[in-house]
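Below, each chain spelled out in residue letters.
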Amino acid sequence: MRNFLTAMTALSVGAMASTQAFAQEVRNPAAEWEELWNTVIIDITIIGVIMAIAAVWMLIKYRATSPDQVGTAKRLTTVQAISFALIPAAIFMADDFYLAAKGWTVWNAYRRVPENAIEIKVTAYQWYFEFEYPDGTETEELKMPIGEPVVLRMTSEDVLHNFGVPEYRVKEDVMPGRITYIWINPVEAKETIVQCAEFCGQNHSEMTTKVSAVPREEYDAWLAKIAAED
Amino acid sequence: MSTPTTTTGHAAVPAWKEWILTTDHKRIGILYLVGAMAAFGIAGLMALIIRLEQMELGMQFVESGTQYNGILYFHGAVMILAFLIPGLTGFAANYFLPLMIGARDVAFPRINAFSVWLFYFAIVLALLSFVVPDGPDIMWTGYPPYSVTTSANTSMYVFTVHLLGFSSILGAVNFLVTVIYLRAPGMGWNQLNMFVWTTIAAFVLQLIFIPVLASAVTLLLFDKYLGTHFFDPTEGGDVLLYQNLFWFYSHPAVYVIFLPAVGILFDIIATMSKNRIFNYKAAVYVGIWGTVGISGIVWVHHLYVSGMPDWIRLGHMVTTLLISVPVGILTLSMWGTLYKGAITYNTAMMYAASCLYLILLGGLTGIPLALPSMTLHLSETSYVHAHFHFIMALFAAFALFGGIYYWFPKMTGRYADGPIATVSFWLNFVGVNVTFWPLFIIGKEGMPRRYWDYEMFKDVQIMGFYFEDFHKVATIGAFTIALGMLLPTINFIYAAFKGKPAPDNPWNSKSLEWTHTASPPGPGNFGDTDVVLDENWSPYEYQK
Ligand code: HEM
Ligand SMILES: [Cu+2]
Ligand SMILES: [Cu+2]
């Protein structure tokens, strides 16, 4: 009994420690997205290839040789009929739940914002984005310090927009009356763009600006310079 | 189209008047077909302009973003509302459903005539958007606040939806009553054609869900013109309300299109393979009705990036993935119907065979989109655009074209098959792949939908090619399809008058529209004797 208790204590302490480690680990949604994409593509390619081969094989093999020939498929017995519904349904559902579980894991990476993430406010207008940094500096492009997670709290002053950064594999609508969020883990130096991805009128295709991940010193210097200019 | 129906007893009425005043379900079907094909032609032209504009960086063909948006609005709204839905539940259902169940007409022929005229008014109203200076520019989804704050004419969108919705609701009541009460004596529920089942399912969906769409667009009208604030957050409204109402209808609406297309395919494949439907009861009760059952609880997959609460997005991930069960069962039945068949190839069967490819490609590329985590990037990209064109636009259009070739001898007494038909089939099949595969590829790298320019991607390369290169290929594909669609249209008109004469049952089908009627069927469809069936009869029984 004593042994058992010790073992349980050791286990639970271990579990707590690992949860904590888990909470502190900062995930990289963009990389996880790419991995999930590969898994899903393999999954659907297998199904697609099997079904396509079956179709082509039957379309060739079962050509009629004379005009009065008829098909010779037998009527299914009740047991066969039910099996041919239940077994495929079970297989499809197994695959569905497999993908749902994987998808959920990646979803959590996207939606759970790391503690201490730098909070930047985004406001969308027809047809530009405005960024407000923690020190109150306002800019029209997004810079992030490398290695520090950034959370964007977003709203719109007019119609629907969407803040989409293809390089970081993320987007979310921006709308009046509500605040939405995304977070980004800028693991390495990068220069890319954000695009508006929700229809917003005449210049929807031109609603874009720069997004970059730069070293911390460069980030600080840039913010200081803009603050000084104002 | 010709005027095939015999006119005995109406000799004094001029032909044009007879067509306008007709209450005959077959003529109403032809009127739907002509209207739908006209809508398809014009909306197809708009697609060509869109593809031309996207072919190169910058603005070349349109004069402003607003003009581009108006064209894109027209393409989307008209293809869905005035081509596919009326083509399938208007033309095909009107002409063939009564024949397939042994009925002499629909239950309410005058209401039926009213439906087709509402449809024509809607097309005219949609076309007027090119005439007025401020045609709608709000995409077929019409999301507020933009649709309320735009200076363009949102009311035309609302009234087009009202007219078509009214037309569809009347059609739904009419056809449900027809199937319930006017089946030939002896015809049990398990003896219905697959097309009849899928059409009933589509009309049940219309009856349940159209009122929701109608209410959404009506509130939009109030907000824009009467100063209410249903969707205006500055006055206590909510922008997400509209999106939820819209997709609560519009996801089921994709099945209003998908299911009848599946029904046509089953009928072509069974007839051309001389085989019974594989696992008929599973296909009907699990496949078709399972799809109907699940259709009302998956709409948030269109709102995965709309800022909905996380738990709803995850819940709809599970329900959306589960669509694979009924749709998978339908697919298996389709495949199984080929098994041990005796397949004859003709234009109809070629379109049907290509639909097997389209349903695989379009259906399977929907699986990544069912996962919210994947859609966080893929949403609103040309990946989505390619997905829904394969599964909805192309799959249903190919099924409808296959159906026209299949039933052409019934409607006109002549074949539409021939070299033009074969060549245009191949143009279409190659064309859709050349058009939409490149869009999958650049979509995955971020190419957005609804863009006339993509300057921000001008340096991005995939496998050594720029986005522009992919867009050029897609534009070539679109023109290939245009040729592939123009040729058969001319061919149909020619074949209707001069085509090779066909017997009453050229495909040796066992289905009632072929075995019991002349080609084309006269008034009342079945001559002097009513159709009476016994319990061993089946539209798919070839082995006797
Ligand atoms: C069966 C026939 C289907 C039809 C007719 C269809 C049609 C459509 C249409 C029209 C859209 C785009 C709407 C828009 O944004 O304007 C769409 C998107 C979508 N489809 Fe399908 N689809 C079908 C099958 C599937 C399947 C099998 C799945 C997944 C299991 C799926 C998942 C999705 C998702 C999740 C979206 C939303 C993507 C986004 O907003 O980013 N669809 N579909
Ligand atoms: Cu926009
Ligand atoms: Cu949907």
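What you see is a predicted model; the values in this text were computed from it and never measured. (Residues numbered from 1 in each chain as written. Chains lettered and ligands numbered in written order. Predicted model: local features only at pLDDT ≥ 70, side-chain atom pairs only at ≥ 80, totals over all residues. Heavy atoms only, no water.)

**Quick word on the coordination of the copper ion (ligand 3)**
All names here are of chain B. Summarising the metal site, the copper ion (ligand 3) is bound by the protein donors His251 (ND1), His301 (NE2) and His302 (NE2), whose distances to it range over 1.5 to 2.2 Å. A separation of 5.4 Å is found between the copper ion (ligand 3) and the iron atom of ligand 1. Here His302 lies in the loop between helix H9 (280-294) and helix H10 (310-322) and His251 lies in helix H8 (residues 239-273), a separation of 51 residues in the sequence. Given a relative accessible area of 5%, His251 falls into the buried group. Taking the relative accessible area as the measure of exposure, His302 reaches 28% and is therefore partly exposed. (Donors = N, O, S within 2.8 Å, 3.2 Å for Na, K, Ca; no water. Helix = DSSP H or I, 4+ residues; strand = E, 2+ residues; numbered from the N terminus. Buried < 20%, exposed > 50% of the residue type's maximum accessible area, 1.4 Å probe, protein only.)

**Points about the domain arrangement of chain A**
Residues and elements named next belong to chain A. Here the domain parsing of chain A yields domain 1 (33-62 + 77-111) and domain 2 (118-229). Summarising the inter-unit geometry, the C-alpha centres of domain 1 and domain 2 are found 38 Å apart. Domain 1 puts five residues into the contact, and the matching count from domain 2 is six residues. For the pair domain 1 and domain 2, the two sides together bury roughly 560 Å², of which 37% comes from carbon and sulfur. Contact with domain 2 buries surface across domain 1, with Trp33, Tyr110 and Arg111 losing the most and accounting together for 80% of the total. Counting across the interface, domain 1 meets domain 2 through two salt bridges. Of the charged contacts, one joins Glu172 and Arg111 as a salt bridge, the two residues approaching to 3.9 Å between their closest N and O atoms. Sorting the residues of the side of domain 1 that touches domain 2 by element identifies helix H2 (29-61) and helix H3 (78-111) as the ones contributing at least two each. (Domains from an automatic or database assignment. Contact = heavy atoms within 4.5 Å. Buried area = accessible area lost by both parts, 1.4 Å probe. Salt bridge = Lys/Arg side-chain N within 4 Å of Asp/Glu carboxyl O.)

**A closer look at the pattern of salt bridges**
For side chains bearing opposite charge, pairing can occur when the charged atoms are close. Counted according to the given criterion, the structure contains 24 salt bridges over all chains. A salt bridge links Arg169 of chain A to Glu445 of chain B; the nearest nitrogen and oxygen atoms lie 3.4 Å apart. Here Arg169 of chain A is found in the loop between strand E6 (161-165) and strand E7 (170-174), whereas its partner Glu445 of chain B is found in the loop between helix H16 (419-444) and strand E1 (461-462) on a different chain. Across the salt bridge formed by Arg216 of chain A and Asp220 of chain A, the nearest N and O atoms sit 3.4 Å from each other.

**Remarks on the packing of H9 of chain B against helix H11 (residues 324-338) of chain B**
Residue and element names in this part refer to chain B. For the pair H9 and H11, the least separation of the axes is 8 Å and the interaxial angle reads 145 degrees. The element H9 and its partner H11 pack so that their crossing is left-handed. For the pair H9 and H11, the contacting residues are Ala282, Ala283, Val286, Gly287, Ile288, Gly290 and Thr291 in the first and Pro326, Val327, Ile329, Leu330 and Ser333 in the second. Here the residues of the contact of H9 with H11 sort into eight nonpolar, four polar and no charged. (Axes fitted to C-alpha atoms, helices over the stretch in contact; angles between N-to-C directions. Left-handed = near helix turned anticlockwise from the far one by under 90°. Nonpolar A, V, L, I, M, F, W, Y, C, P; charged D, E, K, R; others polar.)

**Considerations on the packing of helix H3 (residues 65-100) of chain B against helix H6 (residues 154-181) of chain B**
All names here are of chain B. At their nearest, the axes of H3 and H6 sit 12 Å apart, and the two run at 20 degrees to each other. On the basis of their axis angle, the class for H3 and H6 is roughly parallel. H3 and H6 meet at a crossing whose hand is left-handed. Residue-level inspection shows Tyr73, Leu81, Ile85, Ala93, Asn94 and Leu97 of H3 in contact with H6, the latter providing Tyr157, Val161, Leu164, Ser168, Phe175, Thr178 and Val179. Of the residues assigned to the contact of H3 with H6, the class counts are 10 nonpolar, three polar and no charged. (Parallel < 35°, antiparallel > 145°, perpendicular 65-115°, else oblique.)

**Digging into the coordination of the iron atom of ligand 1**
For the iron atom of ligand 1, the protein contributes exactly one donor atom, His387 of chain B (NE2), at 2.5 Å. With respect to the helices and strands, His387 of chain B occurs in helix H15 (residues 382-412).

**Brief notes about the site of ligand 1**
Residues and elements named next belong to chain B. Inspection of the region around ligand 1 gives 22 residues, with Gly366, Leu369, Ser379, His387 and Arg449 positioned closest. Ser379 is positioned such that a nitrogen or oxygen atom in its side chain is 3.3 Å from an oxygen atom of ligand 1. With respect to ligand 1, the side chain of Arg449 contributes an N or O atom lying 2.7 Å from an oxygen atom. Elements that contribute at least two residues to the shell around ligand 1 include exactly H8, helix H13 (366-370) and H15. The biggest single contributor to the shell around ligand 1 is H15, with five residues. Across the shell around ligand 1, the residue classes tally to 12 nonpolar, eight polar and two charged. (Near = heavy atom within 4 Å. Polar contact = N/O pair within 3.5 Å; in protein donor to acceptor, adjacent residues only side chain to side chain.)

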